[in-house]
Amino acid sequence: MIRLITDSQRYEAKVEGELRSHYLFSFADYYDPENMEFGPLRVFNDDYVHPRSGFPSHPHTELEIVTIVLSGELTHKDNIGNETKIRPGQVQRMTAGTGITHTEANETDEEIHLLQLWFLPNKRGLAPSYEMMDVGFLKAKNELKPLVTGQKVLEDVAYINSNSTVYYGSVTQGEEITFRTFKLRRALIYVLTGSLLVNNVEADQHDQIRLDEQEVIGIRGTADATFILVDVPAVEANY
């Protein structure tokens, strides 16, 4: 099955002077019982954080949280001693485990564009931990660049406690990337820029395509395009 969800179907949230965001799944004041999660992927937010603003101190438990900065500089501080600045091309992974508290702030005069994805962990009761890696994904061209994974066959990427992988993709107009997977897995493609033809389904900027029971996914650029591909297990026993 292949399902197209268009830009206009995303949920938009705004906090005046602080944040504008689009939620791909139920989150905060957006609730749709038919759109709660995608395998272990529970949250996928496309956020713009205004200058001198951010997310004040807040706790998390039993989540794998992935932050991908596309532009700007995000300052992270947490109660286990980490204080970092995350810049474009870098990826942050946080295991909330038994509990972590953190802040995320834009301390600059420029807007930040970031993506945040939350996964249900495959193990509960883990000690909280943190990792940041510079994977230089914005330099990718006509390829899928893995950013974070729980599949140990992939190296030099941040590790999450989930049998899932997040890729950044870039494809020029007329070129095609082939992603091979299994029918016991699912894939979500979110178009950041440009437009794609995914297994003969057209997707424009900010559209998403959710794919089930596909063994081969062909991704062709109908214009120069960038996108996120999230590969997850379809069955809870494999999370």
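What you are looking at is a predicted structure, and each value in this text was computed from that prediction instead of being measured.

Undergrad: Provide a residue-level description of the nonpolar core, including the pertinent values.
TA: In globular proteins that are soluble, nonpolar side chains generally tend to be buried together. In terms of nonpolar packing, the biggest core is built from 27 residues, with Phe44, Ile68, Leu117 and Ile228 touching the most fellow members. What Ile228 contacts, discounting residues up to four positions off in sequence, is Phe44, Ile68, Leu115, Leu147, Val166, Tyr167, Tyr168, Leu188, Ile189, Tyr190 and Leu192. Counting 18 residues, the second-largest nonpolar core is a separate cluster that includes Tyr167, Ala187, Leu196 and Leu229.

Undergrad: Please set out the packing of aromatic side chains residue by residue, giving values where relevant.
TA: Aromatic ring pairs are defined here through the distance separating the ring centres and the angle between the ring planes. By the definition in use, this model includes 7 aromatic pairs. Here Tyr11 and Tyr30 contribute two aromatic rings whose centre-to-centre distance is 4.7 Å and whose plane-to-plane angle is 10°, an arrangement assigned as stacked. Of this pair, Tyr11 sits in strand E2 (residues 11-15) while Tyr30 sits in the loop between strand E3 (19-23) and strand E4 (41-49), and the two are 19 residues apart along the sequence. Relative to Trp118, the ring of Phe27 lies with its centre 5.4 Å away and its plane at 80°, an arrangement referred to as edge-to-face. You can see Phe27 sitting in the loop between E3 and E4 and its partner Trp118 sitting in strand E11 (residues 112-119), a full 91 residues away along the chain. A relative accessible area of 22% places Phe27 in the partly exposed class. An aromatic cluster is defined as three or more aromatic residues linked by ring pairs; in this entry it consists of Tyr11, Tyr23, Phe27, Tyr30 and Trp118.

Undergrad: I'd like a description of the pairing of strand E10 (residues 100-106), backed by residues and values.
TA: Because side chains alternate across E10, one face comprises the buried residues Ile100, His102, Glu104 and Asn106, and the other comprises Thr101, Thr103 and Ala105, none of which is buried. When strand E7 (residues 74-78) meets E10, the two strands line up antiparallel, connected through 4 bridges. Looking at the pairing, Asp78 lines up with His102 of E10.

Undergrad: How would you explain the sheet that holds E10 if you had to name every residue and give the values?
TA: Taken in spatial order, the 4 strands of this open sheet run E5-E10-E7-E8, and their pairing is antiparallel. Either end of the sheet is taken by a strand with one partner, and the two such strands are strand E5 (53-60) and strand E8 (83-86). Shown here is a sheet whose adjacent strand axes are inclined to one another by a mean of 15°, direction ignored. Pairing of E5 with E10, which is carried by 6 bridges, proceeds in the antiparallel orientation. Each residue of the ladder has a partner; that of Gly54, found in E10, is Ala105.

Calculation rules
- Residues numbered from 1 in each chain as written.
- Predicted model: local features only at pLDDT ≥ 70, side-chain atom pairs only at ≥ 80, totals over all residues.
- Heavy atoms only, no water.
- Core = buried A, V, L, I, M, F, W, Y, C linked by side-chain atoms within 4.5 Å.
- Buried < 20%, exposed > 50% of the residue type's maximum accessible area, 1.4 Å probe, protein only.
- Contact = heavy atoms within 4.5 Å.
- Phe/Tyr/Trp six-rings, centres within 6.5 Å; stacked < 30°, edge-to-face > 60°.
- Helix = DSSP H or I, 4+ residues; strand = E, 2+ residues; numbered from the N terminus.
- Pairing = 2+ DSSP bridges.
- Axes fitted to C-alpha atoms, helices over the stretch in contact; angles between N-to-C directions.

Function-wise, these values are silent; they only describe arrangement.
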